[in-house]
Amino acid sequence: MKKINSLVLMYRSMAGNTRRYSIAILLLGFGSILAYAPPLLIRATVDSIIGNESLSIHPIVGSIFGLFDLSILRENLWIPGLMLIGSAFLQGTMVFGSGYLAASTSEKSSRNLKDQLFAHINNLPASYHSSAEKGDLLQRCTSDVDTVRKFLALQLVQVGNAFFLVITSLVVTFTVHPGLAVIALPIIPFSIISSILFFGKIQSSFKRSDEAEAALTTLVQEHLTGIRVVRAFGREAHEYQKFGERNHYYRQVTMDLIRWFSAFWASSDIMSLTQVVVVIGVGTLWTVQGTITLGTLLLFISSVWMILWPVRMMGRVLVDMGKAFVAIQRIQGILEVEEEDMQLSGLERDIQGSIRFERVSFSYADGQEILKEISWEVPAGTTVGILGPTGSGKSTMVSLISGLYTPSSGAIFIDGIHIKEYKKECLRQQVAMVLQEPFLFGRSIQQNIGLPLGPDYSQIEIVEAARDANIHQSIIEFERGYETMVGERGVTLSGGQKQRVAIARALVTKAPIMVFDDSLSALDTETDRKVQEAIRKNAQGRTVFLISHRLSTLSKADHILVLQEGRLIQQGSFNELIAEHGMFRRLWKLQTAKE
Amino acid sequence: MKTKKSFFKNLLPYLKPYWPQTLGLGIVMILVGVIDATFALWTRYAVDTFIVPGTTDGLDIFIYCFLGLVLLQGINVFILIMVAGYLEMALMYDLRNANFAHVQDLELDYFNRTAGGWLLSRITSDIQRIGQTISWGFVDITWGFTTITSISIVMFILNWQLALITLSVVPFLIWVSRYFQNRIFRSQRLVRRTNSRITASYNEALMGAMTTKTLSRENESLKEFKHLSQRMNRMSVISARISALYQPVVMVLGAIGTALALWNGGLRVSLEVLTFGTLAAFLSYTVQLFDPLRELARVFGELQSARAAGERVFTLLDTPVEIIDSPEIIQRYGSVLSPRPEHWPTLRGSIRFENVWFRYNNGEQILENFSLQIPAGQSIALVGATGSGKSTLVNLICRFYEPNEGKIYIDDRDYRDYGLACLHGNLGYVLQSPQLFSGSIEENIRYGKLSATLEEIVQAAKVANAHDFISRLPDGYKTQVGEEGAKLSTGQKQLISFTRAILADPAILILDEATSSIDTESESLIQEAIHKVLLNRTSLIIAHRLSTIKDADRILVIEKGKVIEDGNHQELLSFGGHYYRLYENQYFQEQEEKFIAGAPL
């Protein structure tokens, strides 16, 4: 069933291009047949034009030569010469056409697949991403797609070509002499069956070699990440020994594989060549007995030679085909995951910023309950502080506002309208979020901050936001200032710098709702104070959420929500909360004891 | 051109030990080529000997001989693949060992400068490419050259004028091949470069998925990606066109060569300077000449890309080692790869910095004329802002870097005189983010002392407060920790990392305390463990937690590469300076955090 599915997907990835692949296969097939033209031409020329044999022993070429006067051909040997070049040219054109067509079409297929995967990844729900194994996904998007591309570009055409040649020679040989055909062609089923048997047999060897290689890679990778530990404990010799062992093991199991391969190729060569011996032997006998003519025998011998190569290639193609099927299944695994519903036909409007949670609960797919019946309401323009221990559900709660997750029960209203009514794009453009672990893209700092503004941002807006986020000074100290590249190909920013760039990115949006998810944690006290001031300045007329551990931050909020184990245990203004018995008051007392 | 030479020259020492195999492979290859060439003759023999005279006398012998040859060829093929595969594996094995060994010698700073991914692909995929191309390339080249040479020789013997005329296309062929190989190589490079950008895009899409969503950039980023994938498509198609064109061009050139022979040979026959039979034989050889030529061109193209891989590998191998011991010291105490612990002196662990100057390679001056004395057995808490120089001190003591000027003494002897192996053998290091290796918990702890028995390991785990959680795990000490310890919580990893250091029982312990909060239970266990480990041991702690700082015998407040306050907790508090303010701030922050984390309902 799985095999069939992947066949379907493979077919679909070629969709719209099946004709181009068929043409490529046909061209290659004709090209392979045309490869027999030069020897035939030469033989006919030598035998009948230069020599004195009758043209009739060369059926095809002879009839072409018959169009000319033989004496003219004899005088002008460049004519058959040109014909030779012409046939090579024709063959070359076909080989080129086939190769180019297959390669460019497979590129097109792989591009489609890549685009599809990329779009799909972007549209997968947040819940998928939060638990995804990213290394594995990356592997699927890159090397698995490439495996499929190679299969389409090279092997598919080879398989097609083999089929074409096999069928051609079957037709030709059976029409010419069925008896000899039965003798000449057992190699085809033999070879296919033995390839399948063989590759079934060495699967485990293959897997062992692959795993040994992966183990070696893992060791090097871990070694490189843990290099400080290795060095500090002086364990270089120990590591080298471990590496040596795995290196040796990989070599050993791969040699097993090579031994199998030698056996396979040797036996398949013996089989193929024996087939030639059989045809020559039996053919000679029958010719001498007069059952068949010499011409028929020669035709059969060349037919056998012609199909031997593609039939022998079959084994290799089978391996690659297996790999391609595994790859396409892995790709399919991503594409099968359902995309997030972006509520495309939803409402698009300017948000004011009043928010109401009505008995909102949320649990993960595995049943783990994160939020329990939370209700609160704030008017537009409120600064909301959120407090609670790690794992109390703060981040999840604010993620619900921009529709990253969907509540399991209860409802959320923005400006009195259920968030299900909004188009998600509209919602997210107006809810600026700074995540706990901010991510910057591999482009310039300026572009990173300007991302929410689209392509036509103004420099002034960006510098202003950067100043507010207290990162402007650090940026201009970089050699290339705002043009400094971030990430692998550029500078590595510290955690605090990243947070501030992300804050600038949020400030630049001037969105009516802003969420700062513990975004100041990596900043020192002084910077923290400055950034907070800037946020307060920007908070005028906006609804702002601040998740923080620090009382000083929360004291400036209009409304404070206190979460614990997924429940809202206290809410109110700062003054209300310190008047109330509870966690907040105890915390505040601790604070005042300091002063 | 110069680099090409250097790659093969570099490679030569790695091939040398395998010359008998290489020679054997060459011989088998020639045999295969010769047998292959005779197959056409067998048909002719059958026609001439049996069919034309109309007899079957000796047909059975003919068939037996033929079958014998087939068997011989099968054996040849078997040997060929075995030996070529052996060479491939041997080359890879040796190159990998050499590279990994060299990596052990490189100074730690190298790994800060060099991306791990870069190093990884040198040791894995690049070396694989070299192994494959060199061994199988050798097979193809031998086969190609054998065939071409033997055919050319036969052609020259048959008729040298005609041979010259036919071979006149070969210079063109070489020129065209070079042209195409260059174009293919260049276009492939562009394709690969674009491809790495595509990979980077996927990586960003995966790592930054949440950010993309919150910025609502799904469509824009897809648009950007499509731009890239379109570019990739364009590049690949250009590359494919060039590659696809190459083979037909060689075919046509070959046909021109054959046509020249046909035309000129025919003239010679009619002028009766050449016999008919010679021309027929000659022509059948010309057809066979051009296939191997094309094959050779392909192999040379592949060698180009192997060369690129090879250059990268040898760049790694040729990276000079900056921190290195003198031969005398290696002689005495061994190198890092073959240490001689039996000769190591026992260190007590006093440390002295004497007028040390240090700056990083990027020119950032950290220490200026820095001096410091730490008696053996003292625990030191290093306190100060990021970039103040705390980590630099630790890096210098570990000799991950060396001072630009001045000296560091351990037990009153220049610490370079101990050699890296001995120094690191006496060090223990607990990292801020605990680093484990895949394998069992037991193996990870044993990393501290390779000869430790299970009893010793359990003992150490008990001291580090790790024993309880370990024995609660279903597989106990045999529990697999997963890649980089992924199956354990941060707190658990922290405890194992402590156990490892305790087992090592080092003269000097370096502790880079974690900043990130972990669950309360592990937290208090770790605090307790730290306390036990520090007792009577020279230790340097990059400290973040007050309890750790208070526990230390001595606190150094570092600012801009200088010790601005030096004393124990009580002394510094009553001094009322930097430390006092820091302590106050920190105290309340910690109280708050503790409170929030452990607040009762």
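Please read these numbers as outputs of a predicted model, since none were measured by experiment. (Residues numbered from 1 in each chain as written. Chains lettered and ligands numbered in written order. Predicted model: local features only at pLDDT ≥ 70, side-chain atom pairs only at ≥ 80, totals over all residues. Heavy atoms only, no water.)

### As for the overall build of chain B
Next, step 1: Per the secondary structure count, chain B includes 21 helices and 10 strands.
Next, step 2: At 36 Å, chain B has a C-alpha radius of gyration far larger than the 25 Å of a compact globule built from 601 residues.
Next, step 3: In terms of principal-axis extent, the alpha carbons of chain B reach across some 120 × 60 × 55 Å.
Next, step 4: In chain B, which comprises 601 residues, the share counted as buried stands at 53%. (Helix = DSSP H or I, 4+ residues; strand = E, 2+ residues; numbered from the N terminus. Rg over C-alpha atoms; globule rule 2.2 N^0.38 Å. Buried < 20%, exposed > 50% of the residue type's maximum accessible area, 1.4 Å probe, protein only.)

### Comments concerning the pattern of salt bridges
Next, step 1: Going through the model one piece at a time under the given rule, you end up with 34 salt bridges over all chains.
Next, step 2: A salt bridge links A:Asp146 to A:Arg149; its shortest N-O distance comes to 3.0 Å. Taken as a pair, A:Asp146 and A:Arg149 lie in helix 8 (residues 134-176) at a separation of 3 residues, close to a single helical turn.
Next, step 3: The salt bridge involving B:Arg312 is made with B:Asp126; its shortest N-O contact spans 3.0 Å. Here B:Asp126 lies in helix 5 (residues 116-158) and B:Arg312 lies in helix 10 (residues 276-318), a separation of 186 residues in the sequence.
Next, step 4: Connected through salt bridges with shared partners, the residues A:Glu340, A:Lys424, A:Arg428, B:Lys213 and B:Glu218 form a single ionic network. (Salt bridge = Lys/Arg side-chain N within 4 Å of Asp/Glu carboxyl O.)

### Digging into the domain arrangement of chain B
Residue and element names in this part refer to chain B.
Next, step 1: Domain annotation for chain B reports domain 1 (1-158 + 310-322) and domain 2 (160-273).
Next, step 2: Domain 1 and domain 2 are separated by 24 Å when their C-alpha centres are compared.
Next, step 3: Taken together, the contact between domain 1 and domain 2 spans 4 residues of the former and 5 residues of the latter.
Next, step 4: One can count 0 salt bridges joining domain 1 with domain 2.
Next, step 5: Broken down by class, the residue content of the side of domain 1 that touches domain 2 amounts to 3 nonpolar, 1 polar and no charged. (Domains from an automatic or database assignment. Contact = heavy atoms within 4.5 Å. Nonpolar A, V, L, I, M, F, W, Y, C, P; charged D, E, K, R; others polar.)

### Description of the sheet that holds strand 5 (residues 417-418) of chain A
Residues and elements named next belong to chain A.
Next, step 1: Here we have 4 strands laid out as an open sheet, ordered 2-1-4-5, and antiparallel in their pairing. The outermost strands of the open sheet, each flanked by one partner alone, are strand 2 (369-378) and strand 5.
Next, step 2: In this sheet, strand 2 lies alongside strand 1 (residues 355-363) in antiparallel orientation, the contact comprising 6 bridges. Counterpart to Val360 in the pairing with strand 2 is Ile374. (Pairing = 2+ DSSP bridges.)

### Considerations on the packing of helix 7 (residues 170-207) of chain B against helix 10 of chain B
Residues and elements named next belong to chain B.
Next, step 1: Contact geometry of helix 7 with helix 10 gives a least axis separation of 10 Å together with a crossing angle of 35 degrees. In this structure, helix 7 crosses over helix 10, and the sense of that crossing is right-handed. In contact with Val170, Leu173, Ser177, Gln181 and Phe185 of helix 7, helix 10 contributes Phe290, Leu293, Ala297, Arg298, Gly301, Gln304, Ser305 and Ala308.
Next, step 2: Looking at the contact of helix 7 with helix 10 residue by residue, the class counts come to 7 nonpolar, 5 polar and 1 charged. (Axes fitted to C-alpha atoms, helices over the stretch in contact; angles between N-to-C directions. Left-handed = near helix turned anticlockwise from the far one by under 90°.)

### Quick notes on the pairing of strand 1 of chain A
Residue and element names in this part refer to chain A.
Next, step 1: Following strand 1, the chain reverses through 5 residues before pairing antiparallel with strand 2; Gly367 in that reversal takes a positive phi of roughly 95 degrees.
Next, step 2: Sheet topology places strand 1 next to strand 4 (residues 409-414); 5 bridges connect them, and they run antiparallel. Paired with Phe357 across the strands is Ile412, a residue of strand 4.

### Brief notes about the state of the cysteines
All names here are of chain B.
Next, step 1: With the rule as written, the count across this model stands at 0 disulfides over all chains.
Next, step 2: Looking at the unpaired Cys398, the closest cysteine sulfur is the one in Cys422, lying at 14 Å.
Next, step 3: Overall, the relative accessible area of 0% leaves Cys398 in the buried class. (Disulfide = S-S within 2.5 Å.)

### Side note on the interface of chain B and chain A
Next, step 1: Between chain B and chain A, the contact holds 134 residues from the first and 135 residues from the second.
Next, step 2: Here chain B packs against chain A, burying approximately 12,500 Å² in sum over the two surfaces, 72% of which is carbon and sulfur.
Next, step 3: When the buried surface of chain B facing chain A is broken down by residue, B:Tyr202, B:Leu206 and B:Tyr447 rank first, second and third, together holding 6% of it.
Next, step 4: Inspection of the region where chain B meets chain A yields 26 residue pairs in polar contact (both at pLDDT 80 or more).
Next, step 5: Residues that form the side of chain B that touches chain A fall into these classes: 80 nonpolar, 38 polar and 16 charged. (Buried area = accessible area lost by both parts, 1.4 Å probe. Polar contact = N/O pair within 3.5 Å; in protein donor to acceptor, adjacent residues only side chain to side chain.)

### Regarding the side chain of A:Lys423
Residue and element names in this part refer to chain A.
Next, step 1: Considering the arrangement of structural elements, one finds Lys423 in the loop between strand 5 and helix 15 (424-430).
Next, step 2: Looking at Lys423, the relative accessible area reads 14%, which means it is buried.
Next, step 3: Aside from chain neighbours lying at most four places away, what touches Lys423 is Met342, Gln343, Leu344, Gly346, Leu347 and Glu348.

### What to know about the side chain of B:Gln181
Next, step 1: Inspection of the secondary structure assignment puts B:Gln181 in helix 7.
Next, step 2: Excluding residues that lie within four positions of it along the chain, B:Gln181 makes contacts with B:Tyr246, B:Ala297, B:Arg298 and B:Gly301.

### What about helix 12 (residues 390-397) of chain B?
Because each turn of an α-helix spans 3.6 residues, side chains separated by three or four positions end up pointing in the same direction.
Residues and elements named next belong to chain B.
Next, step 1: The element helix 12 is largely enclosed, with a buried count of 7 among its 8 residues.
Next, step 2: Taken residue by residue, helix 12 has Lys390, Thr392, Leu393, Val394, Asn395, Leu396 and Ile397 as its buried positions.
Next, step 3: Where helix 12 terminates, the next one or two residues include Arg399, which has phi positive at roughly 60 degrees.

### Here's the deal with the pairing of strand 10 (residues 567-572) of chain A
Residues and elements named next belong to chain A.
Next, step 1: Pairing geometry for strand 9 (residues 559-564) and strand 10, over 5 bridges, is antiparallel. In the sheet register, Ile560 faces strand 10, and the bridge partner there is Gly572.
Next, step 2: As consecutive antiparallel partners, strand 9 and strand 10 are separated by 2 residues, and within that stretch Glu565 has a phi angle of approximately 45 degrees, a positive value.

### Overview of the packing of aromatic side chains
Next, step 1: On inspection of all chains with the given rule, the structure shows 35 aromatic pairs over all chains.
Next, step 2: Each ring, one from A:Phe243 and one from B:Phe100, has its centre 4.1 Å from the other, and the planes form 0 degrees; the classification is stacked. With one member in each of two chains, A:Phe243 in helix 12 (residues 236-289) and B:Phe100 in helix 3 (residues 59-105) form a pair that bridges those chains.
Next, step 3: With relative accessibility at 1%, the residue B:Phe100 sits in the buried group.
Next, step 4: On the basis of an interplanar angle of 85 degrees and a centroid distance of 5.6 Å, the ring pair of B:Tyr110 and B:Phe111 is categorised as edge-to-face. B:Phe111 carries the same exposure label as B:Tyr110, and that label is buried.
Next, step 5: Members of the aromatic cluster, each reached through a chain of ring pairs, are A:Phe198, A:Trp260, A:Phe261, A:Phe264 and A:Trp265.
Next, step 6: For the cation-ring pair, B:Arg352 lies above B:Tyr409, with the distance from its terminal atom to the ring centre recorded as 4.4 Å.
Next, step 7: The residue whose ring lies beneath B:Arg413 is B:Tyr418, and the NZ or CZ to ring-centre distance is 4.6 Å. (Phe/Tyr/Trp six-rings, centres within 6.5 Å; stacked < 30°, edge-to-face > 60°. Lys NZ or Arg CZ within 6 Å of the ring centre and 35° of its normal.)

### A short note on unusual backbone geometry
All names here are of chain B.
Next, step 1: In this structure, Asn355 is a non-glycine residue whose phi angle is positive, near 45 degrees.
Next, step 2: When you line up the elements, Asn355 lands in strand 1 (residues 351-359).
Next, step 3: A relative accessible area of 37% places Asn355 in the partly exposed class.

### Focus on the packing of helix 6 (residues 160-167) of chain B against helix 9 (residues 218-270) of chain B
Residue and element names in this part refer to chain B.
Next, step 1: Relative to each other, helix 6 and helix 9 sit at 150 degrees, their axes nearing to 8 Å. Regarding the angle of helix 6 to helix 9, the classification is roughly antiparallel. As for the relative orientation of helix 6 and helix 9, their crossing is right-handed in sense. Between helix 6, through Gln161, Leu162, Ile165 and Thr166, and helix 9, the contact on the second element is made entirely by Gly257, Leu260, Ala261, Asn264, Gly265 and Arg268. (Parallel < 35°, antiparallel > 145°, perpendicular 65-115°, else oblique.)

### Some points on helix 6 of chain B
Residue and element names in this part refer to chain B.
Next, step 1: Residues Leu162, Ala163, Thr166 and Leu167 constitute the buried set of helix 6. Relative to the axis of helix 6, the buried residues are bounded by an arc of 125 degrees and lie together on one face.
Next, step 2: Buried residues along helix 6 sit in contact with helix 5, helix 7, helix 9 and helix 10.
Next, step 3: Its side-chain oxygen placed 3.1 Å from the backbone nitrogen of Gln161, Asn159 serves as the N-cap of helix 6. (Arc of directions from axis to C-beta.)

### Brief notes about a nonpolar patch on the surface
All names here are of chain A.
Next, step 1: A cluster of nonpolar side chains, Ile60, Ile64, Leu67 and Phe68, forms an exposed patch at the surface whose accessible area comes to about 420 Å².
Next, step 2: For Ile60, the position within the fold is in helix 4 (residues 59-65).
Next, step 3: By relative accessible area, Ile60 is classed as exposed at 59%. (Patch = residues over 30% accessible without salt bridge, like charges linked within 9 Å, V, L, I, M, F, W, Y side chains within 5 Å. Areas by Shrake-Rupley, 256 points an atom, 1.4 Å probe, with all protein chains shown as cover.)

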